[in-house]
Protein chains: 2
Amino acid sequence: MRDAALMPARVCIVEVGPRDGLQNEPSPVSAEVKVGLIERLIDAGVTYVEAASFDSPKWVPQMADGADVLARIGRREGVTLAALVPNMKGLEAALQAGVEEVAVFAAASETFSQKNINCSIDESLARFAPVIAAAREADVRVRGYVSCVLGCPFEGAIDPHAVARVARRLFEMGCYEISLGDTIGAGTPHKTKALIDACMESIPVTALAGHFHDTWGMAIANVAAALARGVATFDSSVSGIGGCPYSPGATGNVATEDVVYLCEGMGIETGIDLYKLADAGAFISQALKRETSSRVARAIEGKRHRETCGT
Amino acid sequence: MRDAALMPARVCIVEVGPRDGLQNEPSPVSAEVKVGLIERLIDAGVTYVEAASFDSPKWVPQMADGADVLARIGRREGVTLAALVPNMKGLEAALQAGVEEVAVFAAASETFSQKNINCSIDESLARFAPVIAAAREADVRVRGYVSCVLGCPFEGAIDPHAVARVARRLFEMGCYEISLGDTIGAGTPHKTKALIDACMESIPVTALAGHFHDTWGMAIANVAAALARGVATFDSSVSGIGGCPYSPGATGNVATEDVVYLCEGMGIETGIDLYKLADAGAFISQALKRETSSRVARAIEGKRHRETCGT
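Residues numbered from 1 in each chain as written. Chains lettered and ligands numbered in written order. Predicted model: local features only at pLDDT ≥ 70, side-chain atom pairs only at ≥ 80, totals over all residues. Heavy atoms only, no water.

**Some points on the overall build of chain A**
Right, on to step 1. Helix and strand content of chain A: 13 helices and eight strands.
Right, on to step 2. Compactness check: chain A gives a C-alpha radius of gyration of 18 Å against a globular reference of 19 Å for 311 residues, within 12% of the reference.
Right, on to step 3. Along the longest, intermediate and shortest principal axes, the C-alpha atoms of chain A span 60 × 50 × 40 Å.
Right, on to step 4. Across the 311 residues in chain A, those meeting the buried criterion constitute 60%.
Right, on to step 5. For chain A, the proportion of contacts with a sequence separation of at least 24, taken over those separated by at least 6, is 76%.
Right, on to step 6. Total accessible area on chain A is roughly 11900 Å²; 52% of this is exposed by carbon and sulfur atoms.
Right, on to step 7. Taking the 29 positively charged and 38 negatively charged side chains of chain A as two groups, their mean positions are separated by 2 Å. (Helix = DSSP H or I, 4+ residues; strand = E, 2+ residues; numbered from the N terminus. Rg over C-alpha atoms; globule rule 2.2 N^0.38 Å. Buried < 20%, exposed > 50% of the residue type's maximum accessible area, 1.4 Å probe, protein only. Contact = heavy atoms within 4.5 Å. Areas by Shrake-Rupley, 256 points an atom, 1.4 Å probe, with all protein chains shown as cover. Lys, Arg positive; Asp, Glu negative; His and termini not counted. Charge placed at Lys NZ, Arg CZ, Asp CG, Glu CD.)

Shown next as structure tokens:
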């Protein structure tokens, strides 16, 4: 079977909860809580954490303490701490804070690009070119995000080859990995496969990552579809933070717990201890005063409850 | 690609909410609400509803009004109303109520069979043999459920070939379709594929149905895996009723809305209007005073909200 042959033996989880997650939560949390979360994630075996965003504090006040968070954690053997940088100023701040990797972001939809970052896709790529070059000059690797890869809130369906073109340009500009983001969480496994295949025409699958939102409940099925095409890196957010599960139309990253359960259940290594990960999720859910949106975390909670009660 | 070739063009949804769902909800609902739910499901395009269980009212008080519910709905062109029957007495009551199909149930796990229905798997099959024969004598088709197909709460992992043996015996005894139930919702796509393949060694795939619980968040990925093996019938419960989503360790059927969204998004017809289905889900969620556990229903709610507000 072709699928079984492509399936990776090991998957890398890019934990985006402390950045993408917390940035999109209504309740802000302190640097101390962020550090507590990241410490617990590392303790669970997470090796890659997007820990900060060096954006203007005017636009993203939740992330204003990025340098402080990074300083408190410090460098850890075998762990990559990364930050999102929207421009050269952000990169400079990130470099000063000592990040090991940075990430830049473009959209696969013209309308979304205009509404989200006030410029066309081409303009956004032109602006990122010197940022990527400067990061590489400083020996800092750059990850590229492409959003709206399986649909746009304004344009609807997006051609997989349009996504592949943006992904390829980021790759050619020096991004070592392209994270394909289903921003509106509307994709299905069939479309995910078609997208990965389109991107694989010009980018090696080892340089592709999947970033799925669970808005329409399809994220885990899409991760499974991407795994079957050989994708071995997935972005996820512990406890599914970044989208309140009980609000109408909540968008939200797929929960890390659910991705880890899927992978381990399919015999794919993640290096992550699911129970410790659930503890990290419980810690941040409590700090945010919200329920987890991870079904796996809820099932673990139930299992522990039954074990304690002896039923 | 083999997968694409096996994928069905059309899927039949077996709506189990009015029976499996309501039977496992803590709040009982009136016959009137059940009828209201079933009417709305039929209006949305659902063509198969498990509407009642003819079990002892002492054991299953929630289902004591089965005959009343069936009588109020009456026969509908193109719609099958079915009932679960645990024994000959139940079959007789079901036949008297005029059901068009009945369902019997066995387990793939010895321990579960003993704890759930107080007899071994062999004994349960022996008891069902005359029930199946009598139903067929009365020109009523029989569906067979097998539970614990991807794991047992007492025994843990279950050998796919052990499942296949029970499924085959039900098939040989006269069940036209075997519904494979992941009772504890612990399965992953890999295991689902292996299970379907094991069953397909002795039963045509057209006689197999998938019945997935979403306890560990894997149900939609498992449906996708089963679709890829050619399974074209899935049991699901509107709004995911049958397991409170906010209780620790909640088990629960996969939500019909989510299965329909998955299928339609993959170009597979269901004949169901997703928005009307979401209305049926909202109706029963309101009656049960609980939030929906369907992510698709939540996304639809959000979409409608934004459309109304113009944002």
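**Some remarks on the layout of surface pockets**
Over the atoms, a rolled probe matching the size of one water molecule traces out where space is still vacant.
Residues and elements named next belong to chain A.
Right, on to step 1. Computed from the structure, the second largest pocket encloses a volume of approximately 1400 Å³.
Right, on to step 2. Forming the boundary of the second largest pocket are 48 residues, of which Gln23, Leu84, Phe105, Asn116 and Ile117 lie nearest the centre.
Right, on to step 3. Mapped onto the lining of the second largest pocket, the elements with two or more residues apiece are helix H2 (17-23), helix H4 (66-73), helix H5 (88-96), strand E4 (101-107), helix H6 (110-117), helix H7 (121-137) and strand E5 (141-147).
Right, on to step 4. The residue makeup of the lining of the second largest pocket, split by class, is 24 nonpolar, 18 polar and six charged. (1 Å grid on protein atoms, 1.4 Å probe; cavity = no way out; pocket = protein on both sides within 12 Å on 5 of 7 lines; lining within 4 Å. Points joined across faces, edges and corners; volume = space filled by probe spheres on them. Nonpolar A, V, L, I, M, F, W, Y, C, P; charged D, E, K, R; others polar.)

**A short note on the state of the cysteines**
Right, on to step 1. Taken as a whole and judged by the stated rule, the model has zero disulfides over all chains.
Right, on to step 2. A disulfide-free cysteine, Cys119 of chain A has its sulfur positioned 13 Å from the sulfur of Cys148 of chain A, the nearest such atom.
Right, on to step 3. In this structure Cys119 of chain A comes out as buried when scored by relative accessible area, which is 2%.
Right, on to step 4. Cysteine Cys148 of chain B remains unbridged, with the sulfur of Cys152 of chain B as its closest cysteine sulfur at 4.5 Å. (Disulfide = S-S within 2.5 Å.)

**Looking at the confidence of the model for chain A**
It should be kept in mind that the predicted coordinates are not to be read in detail where pLDDT is low.
Right, on to step 1. The predicted model of chain A has a mean per-residue pLDDT of 93, with 95% of residues at 70 or higher.
Right, on to step 2. On the interface metric, ipTM, the complex scores 0.90, and its pTM is 0.93. (pLDDT = per-residue confidence, 0-100.)

**Remarks on the packing of helix H8 (residues 160-173) of chain A against helix H9 (residues 189-200) of chain A**
Residues and elements named next belong to chain A.
Right, on to step 1. Two elements in contact, H8 and H9, have axes whose closest approach is 8 Å; the angle formed by their N-to-C orientations is 45°. Judged by the angle between their axes, H8 and H9 are oblique. Between H8 and H9 the crossing geometry is right-handed. Contacts from Pro160, His161, Val163 and Ala164 in H8 reach Ala194, Leu195, Ala198 and Cys199 in H9. (Axes fitted to C-alpha atoms, helices over the stretch in contact; angles between N-to-C directions. Parallel < 35°, antiparallel > 145°, perpendicular 65-115°, else oblique. Left-handed = near helix turned anticlockwise from the far one by under 90°.)

**A closer look at the relation of the copies chain A and chain B**
Right, on to step 1. Expressed as a screw operation, the relation of chain A to chain B combines 0.0 Å of axial shift with a rotation of 180°, fitting to an RMSD of 0.0 Å. Taken together, these values place the two copies in the relation of a two-fold axis. Minimal C-alpha distance to the rotation axis in chain A is attained by Ala221 of chain A, lying at 1.9 Å.
Right, on to step 2. A share of 100% of the interface residues of chain A reappears at the interface of chain B, consistent with the copies meeting face to face through the same patch. (Least-squares fit on C-alpha atoms with pLDDT ≥ 70 in both.)

**Re H5 of chain A**
In an α-helix, one turn spans 3.6 residues; hence positions three or four apart end up facing the same way.
Residue and element names in this part refer to chain A.
Right, on to step 1. What H5 keeps buried is the set Gly90, Leu91 and Ala94. The buried residues of H5 occupy one face: seen down the axis, they fall within an arc of 100°. Facing away from the buried side of H5 by over 90 degrees, the exposed positions are Lys89 and Gln96.
Right, on to step 2. Buried positions along H5 lie against E4 and H7.
Right, on to step 3. In this structure Asn87 caps H5, since a side-chain oxygen of it lies 3.3 Å from the backbone nitrogen of Lys89.
Right, on to step 4. At the C-terminal side of H5, Gly98 shows a positive phi close to 80°. (Arc of directions from axis to C-beta. Polar contact = N/O pair within 3.5 Å; in protein donor to acceptor, adjacent residues only side chain to side chain.)

**Notes on the packing of aromatic side chains**
Right, on to step 1. A full pass over the atoms with the stated rule returns six aromatic pairs over all chains.
Right, on to step 2. Ring geometry for Phe105 of chain B against Phe128 of chain B: centres 5.7 Å apart, planes inclined by 70°, an arrangement best described as edge-to-face. Of this pair, Phe105 of chain B sits in strand E4 (residues 101-107) while Phe128 of chain B sits in helix H7 (residues 121-137), and the two are 23 residues apart along the sequence.
Right, on to step 3. Taking the centre distance of 6.3 Å and the plane angle of 35° together, the rings of Phe112 of chain B and Phe154 of chain B count as tilted. In this pair, Phe112 of chain B sits in helix H6 (residues 110-117) while Phe154 of chain B sits in the loop between strand E5 (141-147) and helix H8 (160-173), placing the two residues 42 residues apart along the sequence.
Right, on to step 4. Lying over the aromatic face of Phe283 of chain A, Arg40 of chain A brings its terminal NZ or CZ to 3.8 Å of the ring centre.
Right, on to step 5. Here the basic side chain of Lys115 of chain B rests over the ring of Phe154 of chain B, its NZ or CZ set 4.8 Å away from the ring centre. (Phe/Tyr/Trp six-rings, centres within 6.5 Å; stacked < 30°, edge-to-face > 60°. Lys NZ or Arg CZ within 6 Å of the ring centre and 35° of its normal.)

**Some details on the side chain of Ser237 of chain A**
All names here are of chain A.
Right, on to step 1. Its place among the elements puts Ser237 in the loop between strand E8 (233-236) and helix H11 (256-265).
Right, on to step 2. Using a relative accessible area of 0% as the deciding quantity, one classes Ser237 as buried.
Right, on to step 3. Not counting the four nearest positions on each side in its chain, Ser237 is found in contact with Glu15, Val16, Gly17, Gly21, Asn253, Val254, Ala255, Thr256 and Glu257.

**Considering the interface of chain A and chain B**
Right, on to step 1. Contacts between the two partners involve 36 residues from chain A, matched on the other side by 37 residues from chain B.
Right, on to step 2. Taken together, the two surfaces of chain A and chain B that pack against each other cover about 3400 Å², and 63% of this comes from carbon and sulfur.
Right, on to step 3. Its largest share of buried area at the contact with chain B, chain A owes to Trp216, Tyr261 and Arg295 of chain A, together 23% of the area lost on that side.
Right, on to step 4. Residue Arg295 of chain B is joined to Asp214 of chain A by a salt bridge in which the shortest nitrogen-to-oxygen separation is 2.1 Å.
Right, on to step 5. Applying the counting rule to chain A against chain B returns ten residue pairs in polar contact (both at pLDDT 80 or more).
Right, on to step 6. Taken together, the elements giving at least two residues each to the side of chain A that touches chain B come down to H9, helix H10 (219-228), H11 and helix H13 (295-309) of chain A.
Right, on to step 7. Ranked by the residues each element gives to the side of chain A that touches chain B, the list is headed by H13 of chain A, at nine residues.
Right, on to step 8. When the residues that make up the side of chain A that touches chain B are grouped by side-chain class, the tally is 17 nonpolar, eight polar and eleven charged. (Buried area = accessible area lost by both parts, 1.4 Å probe. Salt bridge = Lys/Arg side-chain N within 4 Å of Asp/Glu carboxyl O.)

**Thoughts on the pattern of salt bridges**
Here the idea is simple: oppositely charged side chains can pair when their charged atoms come close.
Right, on to step 1. This model, assessed by the stated rule, comprises 34 salt bridges over all chains.
Right, on to step 2. For Arg72 of chain A, the salt bridge goes to Asp68 of chain A, with nearest N and O atoms at 3.4 Å. You can see Arg72 of chain A and its partner Asp68 of chain A sitting in helix H4, four residues apart, about one turn around the helix.
Right, on to step 3. The partly exposed category is assigned to Arg72 of chain A, whose relative accessible area is 43%.
Right, on to step 4. Overall, Asp68 of chain A belongs to the partly exposed group, its relative accessible area being 34%.
Right, on to step 5. Close ionic contact of Glu39 of chain B with Arg76 of chain B constitutes a salt bridge, the shortest N to O distance being 2.7 Å. Of this pair, Glu39 of chain B sits in helix H3 (residues 31-44) while Arg76 of chain B sits in the loop between helix H4 (66-73) and strand E3 (80-84), placing them 37 residues apart in sequence.
Right, on to step 6. Taken together, the salt bridges that share partners define one network made up of Arg19, Asp20 and Glu50 of chain A.

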